[in-house]
Amino acid sequence: MCRFRWLVLWGFVCLTFWTCRWTSRDSILHVLLIGDLYELAPRGDRGGVAYLARRVQQARHRWGKERVLLLHSGDAISPSLVSMFDRGRAMIEALNRLRVDAMVIGNHEFDFDYATLRMRIRESRFPWLAANVTIRGQPIPGTVPYVILERARLRIGVIGVTTPRIRPVDPSWKTLRITDPVRAVEFWLPRVRQHAPNLVVVLSHLDFDDDLRIAQYVDGIHMIAGGHDHFPVLWAGEDLPIVKPGSDARWLGRITWKFHNGRPTYWDFSLETIHTEITPVPAMDRWVRHITRELQHRLQKVVGYTEIALDGRRSTLRTRAAPVGTMVAEAMRSGTGAEIAMVHAGALRWEAVHPPGPITLADIYRLLPYQNRIAVVRLTGRQIREVLEWAVREPGPENSAFLHVSGMEAFIDLHQPVDQRVCAVYVLKGGRRTLLEERAEYAVAIPDYLYGGGMGFHTFRQGQTIVDPESGPGVIELLIEWIRVRSPLRTVPQGFVHMDCETQTPVGSRLNHG
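Values in this document were obtained by computation on a predicted structure and should not be read as measured data.

1. Focus on the pattern of salt bridges
And then number 1: Taken as a whole, this structure holds 25 salt bridges when the rule is applied.
And then number 2: Here Asp111 makes a salt bridge to Arg373, at a shortest N to O gap of 3.7 Å. A residue pair is termed long-range when its members are at least 10 positions apart, and Asp111 in the loop between β3 (102–104) and α5 (114–123) and Arg373 in the loop between α11 (361–367) and β21 (374–380) qualify at 262 residues.
And then number 3: Residue Lys244 is joined to Asp211 by a salt bridge in which the shortest nitrogen-to-oxygen separation is 2.7 Å. A residue pair is termed long-range when its members are at least 10 positions apart, and Lys244 in strand β13 (residues 240–245) and Asp211 in helix α7 (residues 208–217) qualify at 33 residues.
And then number 4: On the accessibility criterion, Lys244 (1% relative accessible area) is buried.
And then number 5: Overlapping salt bridges, with partners in common, bring together Arg165, Asp180, Asp207, Asp210 and Arg213 in one network.

Set out below in structure tokens:
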């Protein structure tokens, strides 16, 4: 019996020795990636931080906490329904509960003022990375260019870079400077190497093309964990993986690395879809439901008042100019500083006549359910005419491409052949009305859907981008501010697209177009 006990003990010692010997030479690391996380609750049957938390929890239990790293590729505190009220506080709490290991600053972190971002950073229990971002010539307090993390006896260097295509609206960001991300990675990489990392990760909030530039021009990095594009990406080129997990926790990115004697020898990656069919983490689920109930209560908040009925019916908005469409276009133009604004009828969904009385947040979200971001592009007068012609190619009650505009007037004759229906176009500025010049260039504000060529509006893609939709404001925020300033609404322009070419005289705007 004693001999048997000694054999068991000796076997255990040998197993421990060989296990330790193996782990000293061979290690595995699982890098999990989330990003562009705006909403706490699921979108349909996908996403939701409580369901994401379950998958992260399972990964840590399955592989061990020491072998799992959770990174966030930027965009958290805005835009969302909740952030309109708490300026991102709830999302930071969600990331703390998920135990995020590091996050890079995204462009929407600049949607609010400087003080708000400082506050969110102080509330975070993880490092914020910003290798190419400064304000007044200094790093944003609380941020670092890179971080060295330790997992499974490995050192992981993580450098964070942000898209330079950011134009914050708030004046507190006047001295914000964002340098070229490629140069920033090249600058900080030697400093990261001084820590002798086993793995170097670029945590990016960039367009995919900029990720590719880093992969092409910077030697010495092992992977790019990205965000900003909102669509999932698994890309492997020259043995350097690029992973982007899409948006709103609908996917969870995973990159698994194997090491031998501290050197990475093999990697594999995947994207897991987060479905609501899985069981959420109970504590996180209860917390999200509590936040959601508070949100529903707050949506009853009154934004402003109207003394006139506002016709938001589909049959009206898709066939002719209407105050509701003009109101949204005016908000887009004034909120971006563009000369002209256009919004397609398909983006407007009241489906009813809003009676005189209060306008609540719920009303705004019913009108604009897609929560579009706004881009600004530079178009020639000729291109603007092309866009207007396209908008009236197929007139009728189902024409969701019909455009409501601000800053201009267009006269249309539907009896003319296709592509010859725009009789005249005028630009309105400073109370003056002048003919659109074909060779002149104009700054035009549009929803992100049109910016991407939606409904066949490919001409917008030919223009020069002044503000891309990822950096532009949200149409909901702009409309809320527009109504708040002008409340109560006593008069709203009937619209600036006229289905009549006989007189070419303006119906008459009662707003100042300066």
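2. Brief notes about the pairing of strand β7 (residues 146–151)
And then number 1: Here β7 shows one buried face, formed by Val147, Leu149 and Arg151, and one open face, formed by Tyr146, Ile148 and Glu150.
And then number 2: When β7 meets strand β8 (residues 154–162), the two strands line up antiparallel, connected through six bridges. Among the inter-strand pairings, Tyr146 is bridged to a residue of β8, identified as Ile159.
And then number 3: Counting the residues that bridge the hairpin from β7 to β8 gives two residues, and of these Ala152 lies at a positive phi of roughly 50°.

3. Section: the sheet that holds strand β6 (residues 143–144)
And then number 1: Strands sit in the order β6-β4-β3-β2-β1-β14-β15 across an open sheet of seven strands; the sheet is mixed. In the strand order of this sheet, the two ends are held by β6 and β15 (263–273), each with one partner.

4. Some thoughts on the layout of surface pockets
And then number 1: Approximately 1,100 Å³ is the volume attributed to the largest pocket.
And then number 2: Surrounding the largest pocket, 38 residues form its lining, Asp111, Phe112, Glu477, Leu478 and Glu481 being those nearest its centre.
And then number 3: Of all the elements in the fold, those that place two or more residues in the lining of the largest pocket are α3 (83–86), β16 (302–306), α10 (323–336), β27 (464–467) and α15 (475–486).
And then number 4: In terms of residue count, the dominant contributor to the lining of the largest pocket is α15 (seven residues).

5. Structural notes on helix α4 (residues 89–98)
Along an α-helix, residues three or four positions apart point the same way, because every turn accommodates 3.6 residues.
And then number 1: In terms of burial, α4 is a largely internal element, seven of the ten residues being buried.
And then number 2: Those residues of α4 that sit buried are Ala90, Met91, Ile92, Ala94, Leu95, Asn96 and Leu98.
And then number 3: Arg99 sits one or two positions beyond α4 and adopts a positive phi of about 60°.

6. Side note on the packing of helix α2 (residues 49–63) against helix α8 (residues 282–298)
Working note: a packed helix pair is described by the angle between its axes plus the distance between those axes.
And then number 1: Across the interface, α2 lies against α8 with an axial gap of 8 Å and an inter-helix angle of 165°. With respect to α8, the element α2 is oriented roughly antiparallel. α2 and α8 meet at a crossing whose hand is right-handed. Contacts from Val49, Ala50, Ala53 and Arg54 of α2 reach α8 at Pro282, Met284, Asp285 and Val288.

Criteria and cut-off values
Residues numbered from 1 in each chain as written. Predicted model: local features only at pLDDT ≥ 70, side-chain atom pairs only at ≥ 80, totals over all residues. Heavy atoms only, no water. Salt bridge = Lys/Arg side-chain N within 4 Å of Asp/Glu carboxyl O. Helix = DSSP H or I, 4+ residues; strand = E, 2+ residues; numbered from the N terminus. Buried < 20%, exposed > 50% of the residue type's maximum accessible area, 1.4 Å probe, protein only. Pairing = 2+ DSSP bridges. 1 Å grid on protein atoms, 1.4 Å probe; cavity = no way out; pocket = protein on both sides within 12 Å on 5 of 7 lines; lining within 4 Å. Points joined across faces, edges and corners; volume = space filled by probe spheres on them. Axes fitted to C-alpha atoms, helices over the stretch in contact; angles between N-to-C directions. Parallel < 35°, antiparallel > 145°, perpendicular 65-115°, else oblique. Left-handed = near helix turned anticlockwise from the far one by under 90°. Contact = heavy atoms within 4.5 Å.

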